[in-house]
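Residue-level structural notes
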Amino acid sequence: MKLYEMSATELSLLQVRGEVSAVEITRSFLDRIEEVEPSVNAFITLSPTAAMETAVGVDKRRHRGDKLHPLAGVPVAVKDNLCTNNMLTTCASKVLDNFIPPYSATVVTALHEAGMPLLGKTNMDEFAMGSSTENSAFQVTRNPWDTERVPGGSSGGSAAAVAAGMAPLALGSDTGGSVRQPASFCGVLGLRPTYGRVSRYGLIAFASSLDQVGPLALNAHDCALILNLISGHDPLDSTSLPEPVPDFSDDLELDPSSLRIGLIRENLSEQFDPEVRASVLKCVELFEKNGALVEQVSLPHTDYGLGAYYLIAPSEASSNLGRYDGVRYGFNAGGSDLETLFSKTRGEGFGAEVKRRIMIGTYALSAGYFDAYYLKAMKVRTLIRRDYMTAFEKYDLLVGAASPTPAFKIGEKTDDPLQMYLCDVCNITDSLAGVPSLSVPVGLHSGGLPIGMQMTASPFREGILLKAAAYLEEAGFYRPLRPQPGLAEEGGL
Amino acid sequence: MTVDFRKEVDYVARLARLDLDSEEKERMVGELGAILKTAQKIRELDTEGIEPTSHVLDLPAVLREDKVKPSLPLNRVLQNAPHRRQGYFRVPSITASENPAE
């Protein structure tokens, strides 16, 4: 087995046992990137020199006998909307194509302090707005399982990088499904933590009441290790929670007989791909066979989630993106007066989807419409939260598909924004409710593409999600899921 | 209810300080009308007496200690500025500009 095929946990153990160095591991991933990146395009920026420096430092410290973080020497890829000090951070937008942050996001600092070599910054939909990573101003990322297909989005670069063996772990961000949906398309785990669990400081804002940083990983234990690292209160983010953070990796043992599962009717709709539904049901049967209580549950306001989300998120975005005016950083289109400078910079700097959302949001917040759109949507959000709180009185986990279909073809939905928005239909109500949600790979479609199942728990219960994922893993549900048929033309893996 | 965005598109683009060409405006009219029509499904719901959610978790606001801490040095803050002069961000002259729209 090659080093780049191994999980973060395995790579950590090999280093602790002194069998492999951080430099060897990092070299293996950098070589893998060189080999497959031309056909995947997962990265906007690569940072091999910095990664090797970190690895050399880790090896030195280990040699000296220093106490190291379990993830020391385990490389990582980071979505390009997380600020990295002195390293290009573009949000996949022309408006930030020259932006060199003077500071790092709190989560990026945490990765660095743990000794994780940063391999590079991953491609995404511009400003995290999209479900396919096709909205990047720079490049289209391809799904490693089938390079004619999208990796999902908006954290498509991070998901593709992990799936293709270019990084054992990655960070993405999830506003309305942007970690979970690409994870399901690429056959990896994707976790959206409880809103406030992870600091948003240095995450370039899209919709502040929804944005949350989350990991993409190969298995539950890897996911737990990186969640440990990035969780916790940050004085620099007033919405980060003062809650204590448990050691998520400490106990991943699940007793299925004590588990109560609500099968979300709306997220297993008759209109979904039948194989997606069958795979999810097969998983749930496994829990049931081993003693879990399984019942159908309805979250009655789910059908209103899409409407509420596509008012709230664009409204917040239109406000957050007001800062891109060509004055303090980023693209500047010139102009003889301020308004011309602002309008030209924004008109030329933003892509079509970002403009659409700014327009919807500006409209929904404008005088005369605020009550009917934004305020109404915030009230619907309350109803959606109540659905969840009611369901969590009876169930530990709410389960459904992570996406109605497996990965679709590149270009298939780019002409119809509404069709693209519908891709997130399984993911957005969890985001509106602020609850933790995990997408796990649960098998392959007959067409050879991964299928994802989404599990949701009440606030702060990321632990139960990881335990359930570990249980499925143990039962052999997603072992042979490190793939890349599309990349294996010469016998590859 | 359909939304005729044609009447709104110029006004909203101006509010958002977003230059759109005529082709973009034409597309926006169709696309935004359709999106808003879908979003309007929420109007079916009775939300009388329902409090809006602005923060998902009912936690008290966390306040930091009111103490001055070092900020980034000026040259770092200005490092990305397209135009700067003497420690300031530079913009087109405001007082001299003629801007009939204002």
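This section reports on the structure supplied with the text. (Residues numbered from 1 in each chain as written. Chains lettered and ligands numbered in written order. Predicted model: local features only at pLDDT ≥ 70, side-chain atom pairs only at ≥ 80, totals over all residues.)

A look at the overall build of chain A
What chain A contains, in helices and strands, is 15 helices and 11 strands. Computed over its C-alpha atoms, the radius of gyration of chain A comes to 21 Å, within 12% of the 23 Å expected for a compact globule of 493 residues. Its C-alpha atoms give chain A principal-axis dimensions of about 65 × 50 × 45 Å. The buried share of chain A, taken over its 493 residues, is 64%. (Helix = DSSP H or I, 4+ residues; strand = E, 2+ residues; numbered from the N terminus. Rg over C-alpha atoms; globule rule 2.2 N^0.38 Å. Buried ≥ 20, exposed ≤ 12 C-beta atoms within 10 Å, placed from the backbone.)

Description of the overall build of chain B
Looking only at helices and strands, one finds 3 helices and 2 strands in chain B. The secondary structure elements of chain B, listed N-terminal to C-terminal, are α-α-α-β-β. For chain B, the proportion of its 102 residues judged to be buried stands at 18%.

Some thoughts on the sheet that holds strand β6 (residues 212–217) of chain A
Residue and element names in this part refer to chain A. Strands sit in the order β1-β3-β2-β4-β6-β5-β10-β11-β9-β7-β8 across an open sheet of 11 strands; the sheet is mixed. A strand with exactly one partner marks an edge of an open sheet, and here the two such strands are β1 (43–46) and β8 (293–297). Each neighbouring strand pair of the sheet contributes to a mean axis angle of 30°, computed without reference to strand direction. (Pairing = 2+ DSSP bridges. Axes fitted to C-alpha atoms, helices over the stretch in contact; angles between N-to-C directions.)

Focus: the pairing of strand β9 (residues 397–401) of chain A
In regular strands, side chains alternate between the two faces of the sheet. Residue and element names in this part refer to chain A. Along β9, 5 of the 5 residues are buried, which leaves the element largely enclosed by surrounding structure. The pairing of strand β7 (residues 260–264) with β9 spans 3 bridges and is classified as parallel. Bridge pairing in β9 places G262 opposite L398. The pairing of β9 with strand β11 (residues 450–456) spans 4 bridges and is classified as antiparallel. The partner of L398 across the bridge, within β11, is T456.

Here's the deal with the interface of chain B and chain A
Contacts between the two partners involve 49 residues from chain B, matched on the other side by 58 residues from chain A. Those elements giving two or more residues to the side of chain B that touches chain A turn out to be α1 (9–15), α2 (22–39) and α3 (74–77) of chain B. Ranked by residues supplied to the side of chain B that touches chain A, first place goes to α2(B) with 8 residues. Of the residues contributing to the side of chain B that touches chain A, the split by class is 30 nonpolar, 10 polar and 9 charged. (Contact = placed C-beta atoms within 7 Å. Nonpolar A, V, L, I, M, F, W, Y, C, P; charged D, E, K, R; others polar.)

Here we look at helix α3 (residues 48–64) of chain A
Residues and elements named next belong to chain A. In this model α3 runs 24 Å from its N-terminal to its C-terminal C-alpha over 17 residues, within 8% of the 24 Å that 1.5 Å per residue would give. Those residues of α3 that fall on the buried side of the exposure criterion are A51, T54, A55, V58 and D59. One side of α3 holds all its buried residues, which, seen down the axis, span an arc of 140°. Exposed and facing more than 90 degrees away from the buried side of α3 are T49, K60, H63 and R64. Along its buried surface, α3 packs onto α2 (22–40) and β3 (118–122). Where α3 terminates, the next one or two residues include G65, which has phi positive at roughly 90°. (Expected span 1.5 Å × (residues − 1). Arc of directions from axis to C-beta.)

A look at the environment of R149(A)
Mapping R149(A) onto the fold places it in the loop between β3 and α5 (156–163). R149(A) has contacts with N143(A), A407(A), F408(A), K409(A) and I410(A), leaving out every residue within four places of it along the chain.

Examining the nonpolar core
Here is a general trend for soluble globular proteins: nonpolar side chains tend to be buried in one another's company. Residues and elements named next belong to chain A. Within the largest apolar cluster, 177 residues are counted, with the highest numbers of intra-cluster contacts made by V76, V162 and L189. Element by element, the count of residues in this core is highest for helix α12 (residues 371–394), at 9 residues. When sequence neighbours within four positions are dropped, the list of residues in contact with L189 reads A183, L216, A217, L218, N219, A220, C223, L438, S439, V440 and A469. (Core = buried A, V, L, I, M, F, W, Y, C linked by C-beta atoms within 7 Å.)

Things to note about unusual backbone geometry
All names here are of chain A. For the bond from G153 to S154, the omega torsion is 10°, close enough to zero to count as cis. Relative to the assigned elements, S154 resides in the loop between β3 and α5. Of note in this structure, C91 is not a glycine but carries a positive phi near 55°. Within the secondary structure layout, C91 lies in the loop between β2 (76–79) and α4 (106–113). Judged by the 31 C-beta atoms lying within 10 Å of it, C91 falls in the buried class.

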